[in-house]
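Structural overview for review
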Amino acid sequence: MKFSLSREALLRPLQVVVGVVERRQTLPILSNVLLSIDGERLSITGTDLEVEIIGYTETTQVVESGEITVAARKLVDIARSLPEDAKIDFSSGDGKALVTSGRSRFTLATLPSNEFPSVDVGEKTLELSMQGRAVKDFIDATSFAMAQQDVRYYLNGMLWEVSENNLRAVATDGHRMARCDVACDVSADAPLSVIIPRKGIVELSRLLTEDGIDISLGSNHLRVTSANFCFTSKLVDGAYPDYERVMPKGGEKIVLGDRDELRQAFSRAAILSNEKFRGVRVLLSSGSLKMIANNPEQEEAEEEMSVDYSGDDLEIGFNVSYLLDVLSVLKGKDVRLSLSDANSSALVEDTSNDNAVYVVMPMRL
(Lines give C-alpha, C1' and ligand atoms only; values in the text may rest on other atoms or scores of the structure.)
Protein backbone atom coordinates (compact mmCIF):
# COMPACT_ATOMS: atom_id res chain seq x y z
CA MET A 1 0.00 0.00 0.00
CA LYS A 2 1.48 3.33 -1.06
CA PHE A 3 -0.07 6.78 -1.55
CA SER A 4 0.50 10.52 -1.09
CA LEU A 5 -1.78 13.35 0.09
CA SER A 6 -1.72 16.72 1.80
CA ARG A 7 -1.66 17.10 5.58
CA GLU A 8 -5.17 18.65 5.58
CA ALA A 9 -6.60 15.84 3.45
CA LEU A 10 -5.36 13.26 5.99
CA LEU A 11 -6.18 15.21 9.15
CA ARG A 12 -9.81 16.04 8.23
CA PRO A 13 -11.12 12.43 8.08
CA LEU A 14 -8.86 11.35 10.96
CA GLN A 15 -10.48 13.95 13.25
CA VAL A 16 -13.92 12.74 12.11
CA VAL A 17 -13.09 9.15 13.04
CA VAL A 18 -10.81 9.36 16.09
CA GLY A 19 -13.57 10.35 18.55
CA VAL A 20 -15.07 6.87 18.38
CA VAL A 21 -11.74 5.13 19.10
CA GLU A 22 -11.51 4.38 22.83
CA ARG A 23 -8.20 5.07 24.57
CA ARG A 24 -8.34 1.87 26.64
CA GLN A 25 -9.23 -1.20 24.63
CA THR A 26 -9.46 -4.87 25.48
CA LEU A 27 -8.76 -5.65 21.82
CA PRO A 28 -5.57 -3.99 20.47
CA ILE A 29 -7.09 -3.73 16.96
CA LEU A 30 -9.78 -1.35 18.29
CA SER A 31 -7.09 1.24 19.10
CA ASN A 32 -6.30 1.31 15.38
CA VAL A 33 -7.97 2.86 12.35
CA LEU A 34 -8.39 0.99 9.08
CA LEU A 35 -6.89 2.73 6.05
CA SER A 36 -8.26 1.55 2.71
CA ILE A 37 -7.60 2.80 -0.84
CA ASP A 38 -10.35 2.54 -3.48
CA GLY A 39 -9.33 4.24 -6.73
CA GLU A 40 -8.15 7.73 -5.73
CA ARG A 41 -10.21 7.78 -2.53
CA LEU A 42 -8.84 6.96 0.92
CA SER A 43 -11.27 5.61 3.52
CA ILE A 44 -10.38 5.79 7.23
CA THR A 45 -12.50 3.67 9.59
CA GLY A 46 -12.71 3.66 13.39
CA THR A 47 -15.01 1.58 15.61
CA ASP A 48 -15.67 0.55 19.21
CA LEU A 49 -17.96 -2.33 18.10
CA GLU A 50 -21.05 -0.22 18.93
CA VAL A 51 -20.38 2.79 16.70
CA GLU A 52 -18.46 2.85 13.42
CA ILE A 53 -17.37 5.97 11.52
CA ILE A 54 -15.76 6.04 8.07
CA GLY A 55 -14.17 9.28 6.86
CA TYR A 56 -13.40 9.84 3.17
CA THR A 57 -10.69 11.93 1.51
CA GLU A 58 -9.01 12.28 -1.87
CA THR A 59 -5.35 11.38 -2.37
CA THR A 60 -2.97 13.20 -4.72
CA GLN A 61 -1.25 10.02 -5.89
CA VAL A 62 -1.83 6.28 -5.46
CA VAL A 63 1.09 4.00 -6.27
CA GLU A 64 -0.35 0.83 -4.74
CA SER A 65 -3.83 0.06 -3.35
CA GLY A 66 -4.48 -1.99 -0.23
CA GLU A 67 -5.66 -2.00 3.37
CA ILE A 68 -3.83 -1.70 6.69
CA THR A 69 -4.54 -0.66 10.28
CA VAL A 70 -2.39 1.73 12.33
CA ALA A 71 -2.66 3.32 15.79
CA ALA A 72 -5.33 6.04 15.59
CA ARG A 73 -4.01 8.52 18.17
CA LYS A 74 -0.43 8.30 16.97
CA LEU A 75 -1.41 8.95 13.36
CA VAL A 76 -3.55 11.95 14.41
CA ASP A 77 -0.72 13.36 16.53
CA ILE A 78 1.75 12.96 13.67
CA ALA A 79 -0.58 14.72 11.20
CA ARG A 80 -1.28 17.55 13.66
CA SER A 81 2.40 18.11 14.39
CA LEU A 82 3.39 18.57 10.74
CA PRO A 83 3.42 22.03 9.06
CA GLU A 84 0.11 23.17 7.56
CA ASP A 85 1.12 22.86 3.90
CA ALA A 86 3.01 19.57 4.36
CA LYS A 87 2.78 16.74 1.83
CA ILE A 88 2.61 13.26 3.37
CA ASP A 89 3.82 10.00 1.80
CA PHE A 90 2.42 6.78 3.30
CA SER A 91 3.60 3.25 2.60
CA SER A 92 3.23 -0.10 4.35
CA GLY A 93 4.82 -3.52 4.28
CA ASP A 94 6.35 -6.20 6.55
CA GLY A 95 4.13 -5.28 9.51
CA LYS A 96 5.20 -1.63 9.48
CA ALA A 97 3.84 1.63 8.10
CA LEU A 98 6.15 4.43 7.02
CA VAL A 99 4.94 8.05 7.16
CA THR A 100 7.30 10.61 5.67
CA SER A 101 6.98 14.36 5.16
CA GLY A 102 9.94 16.55 4.24
CA ARG A 103 12.73 15.53 6.64
CA SER A 104 10.32 13.88 9.10
CA ARG A 105 10.07 10.10 9.13
CA PHE A 106 7.83 7.91 11.33
CA THR A 107 7.70 4.12 11.42
CA LEU A 108 4.49 2.73 12.93
CA ALA A 109 3.50 -0.81 13.89
CA THR A 110 0.51 -2.21 11.98
CA LEU A 111 -2.05 -4.98 12.41
CA PRO A 112 -3.65 -6.96 9.55
CA SER A 113 -6.79 -5.40 8.06
CA ASN A 114 -8.65 -8.74 8.08
CA GLU A 115 -8.70 -8.60 11.91
CA PHE A 116 -10.53 -5.25 11.89
CA PRO A 117 -14.19 -5.71 12.91
CA SER A 118 -17.12 -4.23 10.99
CA VAL A 119 -20.54 -3.35 12.42
CA ASP A 120 -23.26 -5.63 11.04
CA VAL A 121 -26.03 -3.42 9.64
CA GLY A 122 -28.67 -6.03 8.76
CA GLU A 123 -31.80 -5.15 6.78
CA LYS A 124 -32.94 -1.56 6.07
CA THR A 125 -36.55 -0.85 7.02
CA LEU A 126 -36.79 2.88 6.31
CA GLU A 127 -34.76 5.52 4.45
CA LEU A 128 -34.97 9.32 4.37
CA SER A 129 -32.87 12.30 3.29
CA MET A 130 -32.47 15.52 5.29
CA GLN A 131 -30.22 18.51 5.81
CA GLY A 132 -27.50 17.75 8.35
CA ARG A 133 -28.06 21.08 10.14
CA ALA A 134 -31.73 20.25 10.81
CA VAL A 135 -30.80 16.93 12.44
CA LYS A 136 -27.97 18.52 14.44
CA ASP A 137 -30.31 21.22 15.75
CA PHE A 138 -32.90 18.75 16.93
CA ILE A 139 -30.25 16.54 18.57
CA ASP A 140 -28.78 19.57 20.36
CA ALA A 141 -32.28 20.60 21.51
CA THR A 142 -32.82 17.29 23.33
CA SER A 143 -29.54 15.45 24.03
CA PHE A 144 -28.87 17.21 27.36
CA ALA A 145 -31.80 15.31 28.91
CA MET A 146 -30.37 11.83 28.18
CA ALA A 147 -29.46 9.75 31.23
CA GLN A 148 -25.85 8.84 32.00
CA GLN A 149 -25.07 5.30 33.22
CA ASP A 150 -28.64 4.72 34.42
CA VAL A 151 -29.53 1.13 35.33
CA ARG A 152 -32.54 1.64 33.05
CA TYR A 153 -30.21 1.24 30.08
CA TYR A 154 -32.83 2.36 27.55
CA LEU A 155 -32.69 5.88 29.07
CA ASN A 156 -28.94 6.13 28.26
CA GLY A 157 -29.82 7.13 24.73
CA MET A 158 -32.33 8.98 22.59
CA LEU A 159 -35.62 7.82 21.13
CA TRP A 160 -36.15 8.59 17.44
CA GLU A 161 -39.71 8.19 16.24
CA VAL A 162 -40.49 8.39 12.53
CA SER A 163 -44.07 9.04 11.44
CA GLU A 164 -45.63 10.54 8.31
CA ASN A 165 -43.37 13.48 7.27
CA ASN A 166 -42.05 13.89 10.82
CA LEU A 167 -38.99 12.87 12.82
CA ARG A 168 -39.24 13.19 16.61
CA ALA A 169 -36.49 12.97 19.23
CA VAL A 170 -37.22 12.25 22.90
CA ALA A 171 -34.71 12.14 25.75
CA THR A 172 -35.30 11.74 29.49
CA ASP A 173 -33.39 10.78 32.62
CA GLY A 174 -36.52 10.37 34.75
CA HIS A 175 -36.29 13.90 36.21
CA ARG A 176 -36.70 16.00 33.06
CA MET A 177 -37.73 15.30 29.48
CA ALA A 178 -37.04 16.95 26.13
CA ARG A 179 -39.11 16.38 22.99
CA CYS A 180 -38.43 17.93 19.59
CA ASP A 181 -39.97 17.47 16.15
CA VAL A 182 -38.54 18.21 12.71
CA ALA A 183 -40.41 17.99 9.41
CA CYS A 184 -39.01 15.59 6.82
CA ASP A 185 -40.11 14.03 3.56
CA VAL A 186 -40.81 10.44 4.58
CA SER A 187 -43.71 8.08 4.14
CA ALA A 188 -44.33 5.76 7.09
CA ASP A 189 -47.30 3.37 7.18
CA ALA A 190 -46.87 2.99 10.94
CA PRO A 191 -44.63 4.96 13.37
CA LEU A 192 -41.14 3.46 13.66
CA SER A 193 -39.29 3.88 16.96
CA VAL A 194 -35.59 3.23 17.66
CA ILE A 195 -33.30 4.02 20.61
CA ILE A 196 -29.84 5.32 19.68
CA PRO A 197 -27.15 4.94 22.38
CA ARG A 198 -25.66 8.01 24.02
CA LYS A 199 -22.23 7.66 22.39
CA GLY A 200 -23.82 7.34 18.97
CA ILE A 201 -25.81 10.55 19.49
CA VAL A 202 -22.74 12.48 20.73
CA GLU A 203 -20.58 11.35 17.81
CA LEU A 204 -23.30 11.96 15.20
CA SER A 205 -23.93 15.51 16.45
CA ARG A 206 -20.19 16.19 16.13
CA LEU A 207 -20.17 15.07 12.49
CA LEU A 208 -23.21 16.91 11.13
CA THR A 209 -22.79 20.07 9.04
CA GLU A 210 -24.91 21.96 6.49
CA ASP A 211 -24.47 19.13 3.97
CA GLY A 212 -27.33 16.83 3.03
CA ILE A 213 -27.40 13.38 4.63
CA ASP A 214 -29.11 10.05 3.98
CA ILE A 215 -30.51 8.21 6.99
CA SER A 216 -31.35 4.51 6.97
CA LEU A 217 -32.94 2.70 9.90
CA GLY A 218 -32.97 -1.04 10.41
CA SER A 219 -34.04 -3.43 13.13
CA ASN A 220 -30.66 -3.15 14.89
CA HIS A 221 -28.81 -0.20 13.34
CA LEU A 222 -28.87 3.44 12.28
CA ARG A 223 -26.72 4.53 9.34
CA VAL A 224 -26.10 8.14 8.29
CA THR A 225 -24.11 8.87 5.14
CA SER A 226 -22.86 12.08 3.52
CA ALA A 227 -20.23 12.94 0.96
CA ASN A 228 -17.54 13.01 3.67
CA PHE A 229 -18.48 10.25 6.13
CA CYS A 230 -20.48 7.11 6.82
CA PHE A 231 -21.73 6.75 10.41
CA THR A 232 -23.20 3.50 11.76
CA SER A 233 -24.51 2.85 15.27
CA LYS A 234 -26.07 -0.20 16.84
CA LEU A 235 -29.43 0.44 18.48
CA VAL A 236 -30.42 -0.12 22.10
CA ASP A 237 -32.63 -3.19 22.42
CA GLY A 238 -35.36 -2.14 24.84
CA ALA A 239 -38.77 -0.50 25.23
CA TYR A 240 -38.75 3.27 25.78
CA PRO A 241 -41.22 4.55 28.40
CA ASP A 242 -44.52 6.08 27.25
CA TYR A 243 -43.40 9.71 27.22
CA GLU A 244 -46.89 11.02 26.42
CA ARG A 245 -48.05 9.94 29.89
CA VAL A 246 -45.67 12.31 31.65
CA MET A 247 -46.61 15.36 29.56
CA PRO A 248 -48.35 17.75 32.01
CA LYS A 249 -51.99 18.33 31.12
CA GLY A 250 -54.09 21.35 31.99
CA GLY A 251 -51.44 23.60 33.52
CA GLU A 252 -53.63 26.67 34.07
CA LYS A 253 -50.90 28.82 35.67
CA ILE A 254 -49.15 30.36 32.65
CA VAL A 255 -45.99 32.42 33.14
CA LEU A 256 -44.42 34.41 30.28
CA GLY A 257 -40.96 35.84 30.78
CA ASP A 258 -37.82 36.98 28.99
CA ARG A 259 -35.67 33.88 28.42
CA ASP A 260 -32.35 35.64 28.86
CA GLU A 261 -33.43 37.45 32.03
CA LEU A 262 -34.73 34.19 33.51
CA ARG A 263 -31.52 32.35 32.63
CA GLN A 264 -29.31 35.00 34.18
CA ALA A 265 -31.45 35.23 37.34
CA PHE A 266 -31.46 31.46 37.83
CA SER A 267 -27.68 31.36 37.20
CA ARG A 268 -27.10 33.93 39.94
CA ALA A 269 -29.43 32.16 42.38
CA ALA A 270 -27.69 28.84 41.64
CA ILE A 271 -24.40 30.17 43.04
CA LEU A 272 -25.66 29.74 46.61
CA SER A 273 -27.78 26.62 46.04
CA ASN A 274 -26.95 23.30 47.67
CA GLU A 275 -24.08 21.90 45.58
CA LYS A 276 -25.50 18.37 45.70
CA PHE A 277 -29.24 18.91 45.23
CA ARG A 278 -29.15 22.27 43.39
CA GLY A 279 -32.60 23.21 44.70
CA VAL A 280 -34.20 26.60 44.16
CA ARG A 281 -37.62 27.78 45.38
CA VAL A 282 -39.79 29.63 42.89
CA LEU A 283 -42.48 31.93 44.34
CA LEU A 284 -45.07 33.16 41.87
CA SER A 285 -47.38 36.08 42.47
CA SER A 286 -49.22 38.45 40.17
CA GLY A 287 -46.68 40.02 37.79
CA SER A 288 -43.68 38.72 39.75
CA LEU A 289 -41.42 35.67 39.96
CA LYS A 290 -39.10 35.33 42.94
CA MET A 291 -36.41 32.67 43.27
CA ILE A 292 -34.69 31.75 46.53
CA ALA A 293 -31.72 29.41 46.94
CA ASN A 294 -29.87 28.47 50.11
CA ASN A 295 -27.25 25.96 51.23
CA PRO A 296 -26.09 24.12 54.38
CA GLU A 297 -23.77 27.05 55.22
CA GLN A 298 -26.89 29.17 55.89
CA GLU A 299 -26.14 31.34 52.85
CA GLU A 300 -29.01 32.57 50.72
CA ALA A 301 -29.56 34.11 47.29
CA GLU A 302 -32.76 35.89 46.29
CA GLU A 303 -33.73 37.12 42.85
CA GLU A 304 -36.95 38.79 41.74
CA MET A 305 -38.08 39.71 38.24
CA SER A 306 -41.20 40.92 36.47
CA VAL A 307 -43.15 38.34 34.46
CA ASP A 308 -46.50 38.17 32.71
CA TYR A 309 -48.56 36.21 35.27
CA SER A 310 -51.99 36.87 36.77
CA GLY A 311 -52.95 33.62 38.54
CA ASP A 312 -52.96 32.52 42.18
CA ASP A 313 -49.79 32.58 44.27
CA LEU A 314 -47.67 29.43 43.98
CA GLU A 315 -44.49 28.14 45.63
CA ILE A 316 -42.67 25.29 43.88
CA GLY A 317 -39.13 23.83 44.02
CA PHE A 318 -36.90 22.83 41.11
CA ASN A 319 -33.41 21.56 40.44
CA VAL A 320 -31.98 24.79 39.03
CA SER A 321 -29.55 22.91 36.75
CA TYR A 322 -32.48 21.32 34.91
CA LEU A 323 -34.13 24.70 34.32
CA LEU A 324 -30.85 26.24 33.14
CA ASP A 325 -30.27 23.37 30.69
CA VAL A 326 -33.64 24.06 29.08
CA LEU A 327 -33.23 27.84 29.01
CA SER A 328 -29.80 27.39 27.40
CA VAL A 329 -31.10 25.41 24.41
CA LEU A 330 -34.17 27.57 23.72
CA LYS A 331 -33.55 30.16 21.00
CA GLY A 332 -36.51 32.56 21.22
CA LYS A 333 -36.75 35.80 23.18
CA ASP A 334 -39.63 34.74 25.46
CA VAL A 335 -40.37 31.52 27.30
CA ARG A 336 -43.66 30.07 28.53
CA LEU A 337 -43.93 28.05 31.77
CA SER A 338 -47.15 26.10 32.35
CA LEU A 339 -47.71 25.04 35.99
CA SER A 340 -50.52 23.37 37.94
CA ASP A 341 -49.42 23.03 41.56
CA ALA A 342 -46.35 22.43 43.75
CA ASN A 343 -46.39 18.67 43.08
CA SER A 344 -46.84 18.70 39.30
CA SER A 345 -44.22 18.95 36.57
CA ALA A 346 -43.64 22.20 34.72
CA LEU A 347 -43.97 22.46 30.95
CA VAL A 348 -41.42 24.82 29.38
CA GLU A 349 -41.79 26.08 25.80
CA ASP A 350 -40.39 28.68 23.44
CA THR A 351 -43.20 31.11 22.58
CA SER A 352 -41.86 31.55 19.03
CA ASN A 353 -41.34 27.86 18.22
CA ASP A 354 -43.68 25.00 19.12
CA ASN A 355 -41.44 22.23 17.73
CA ALA A 356 -39.81 21.55 21.11
CA VAL A 357 -41.34 21.07 24.58
CA TYR A 358 -39.60 20.37 27.88
CA VAL A 359 -40.87 18.82 31.09
CA VAL A 360 -39.13 19.45 34.43
CA MET A 361 -40.23 17.60 37.57
CA PRO A 362 -40.54 19.59 40.80
CA MET A 363 -38.51 18.79 43.91
CA ARG A 364 -39.37 19.13 47.56
CA LEU A 365 -37.34 21.69 49.45
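Below you will find a few notes about this structure. As the structure is a computational prediction, the values presented were derived from the model and not from experiment.

Re the overall build of the protein chain
Of regular secondary structure, the protein chain possesses six helices and 25 strands. Dimensions along the principal axes, computed over C-alpha positions, put the protein chain at roughly 80 × 50 × 35 Å. Residue burial in the protein chain is summarised as follows: out of 365 residues, 51% are buried. For the protein chain, the exposed area adds up to about 17,900 Å²; of that, 45% sits on carbon and sulfur atoms. Positive and negative side-chain charges in the protein chain, numbering 39 and 56 respectively, have mean positions lying 6 Å apart.

Observations regarding the pairing of strand 11 (residues 157-163)
One face of the sheet, then the other: side chains in a regular strand alternate in exactly this way. For strand 11, a buried count of five out of seven residues is recorded, marking the element as mostly surrounded by other parts of the structure. Two elements, strand 11 and strand 14 (residues 192-197), share six bridges in a ladder whose sense is antiparallel. Across the sheet, Leu159 pairs through a bridge with Ile195, a residue of strand 14. With five bridges connecting them, strand 11 and strand 12 (residues 166-172) associate as antiparallel partners. Note on strand 12: the bridge partner recorded for Glu161 is Arg168.

So, the pairing of strand 21 (residues 300-306)
Of the two faces of strand 21, only the one carrying Ala301, Glu303 and Met305 is buried; Glu300, Glu302, Glu304 and Ser306 on the other face are not. When strand 20 (residues 288-294) meets strand 21, the two strands line up antiparallel, connected through seven bridges. Bridge pairing in strand 21 links Ala293 to Ala301. The loop that links strand 20 with its antiparallel partner strand 21 comprises five residues; one of these, Gln298, has a positive phi angle of about 65°.

Regarding the side chain of Ser338
Among the secondary structure elements, Ser338 is positioned in strand 23 (residues 334-339). The exposure class of Ser338 is buried, given its relative accessible area of 9%. Setting aside residues up to four positions removed in sequence, Ser338 forms contacts with Gly251, Lys253, Ile254, Ser345, Ala346, Leu347 and Glu349.

Digging into the nonpolar core
The biggest cluster of nonpolar side chains holds 102 residues, and the ones touching the most others in it are Val33, Leu35, Trp160, Ile215, Leu222, Phe266 and Tyr358. Ignoring anything within four residues of it in the chain, the contact list for Phe266 reads Val280, Val282, Met291, Val320, Leu323, Leu324 and Leu327.

Things to note about the pattern of salt bridges
Under the defined criterion, the tally for this structure stands at 22 salt bridges. Residues Glu244 and Arg168 are paired through a salt bridge, measuring 3.4 Å at the closest nitrogen-oxygen approach. With Glu244 in the loop between strand 17 (229-234) and strand 18 (253-258) and Arg168 in strand 12, the pair connects residues that are 76 residues apart, well separated along the chain. Among the ionic pairs, Glu203 bridges to Arg206, the shortest N-O distance being 2.5 Å. Within this pair, Glu203 and its partner Arg206 are both found in helix 4 (residues 198-207), separated by three residues, close to a single helical turn. Look at Glu203 and you get buried, because its relative accessible area is 7%. Via salt bridges that share partners, Arg168, Arg179, Asp181 and Glu244 belong to a single interconnected network.

Looking at the sheet that holds strand 25 (residues 353-360)
Strand order in the open sheet formed by eight strands is 14-11-12-13-25-24-23-18, with antiparallel pairing between adjacent strands. The open sheet terminates on both sides in strands that have one partner only, identified here as strand 14 and strand 18. Neighbour-to-neighbour, the strand axes of this sheet turn through a mean angle of 20°, independent of strand direction. When strand 13 (residues 176-183) meets strand 25, the two strands line up antiparallel, connected through five bridges. Across the sheet, residue Arg176 finds its bridge partner in strand 25, namely Val360. Those strands touched by helix 3 (residues 132-140) are strand 11, strand 12 and strand 13, and its axis lies near 130° from that of strand 11. This element, helix 6 (residues 320-329), spans strand 13, strand 23, strand 24 (346-350) and strand 25 of the sheet and lies at about 170° to strand 25.

What counts and how
- Residues numbered from 1 in each chain as written.
- Predicted model: local features only at pLDDT ≥ 70, side-chain atom pairs only at ≥ 80, totals over all residues.
- Heavy atoms only, no water.
- Helix = DSSP H or I, 4+ residues; strand = E, 2+ residues; numbered from the N terminus.
- Buried < 20%, exposed > 50% of the residue type's maximum accessible area, 1.4 Å probe, protein only.
- Areas by Shrake-Rupley, 256 points an atom, 1.4 Å probe, with all protein chains shown as cover.
- Lys, Arg positive; Asp, Glu negative; His and termini not counted.
- Charge placed at Lys NZ, Arg CZ, Asp CG, Glu CD.
- Pairing = 2+ DSSP bridges.
- Contact = heavy atoms within 4.5 Å.
- Core = buried A, V, L, I, M, F, W, Y, C linked by side-chain atoms within 4.5 Å.
- Salt bridge = Lys/Arg side-chain N within 4 Å of Asp/Glu carboxyl O.
- Axes fitted to C-alpha atoms, helices over the stretch in contact; angles between N-to-C directions.

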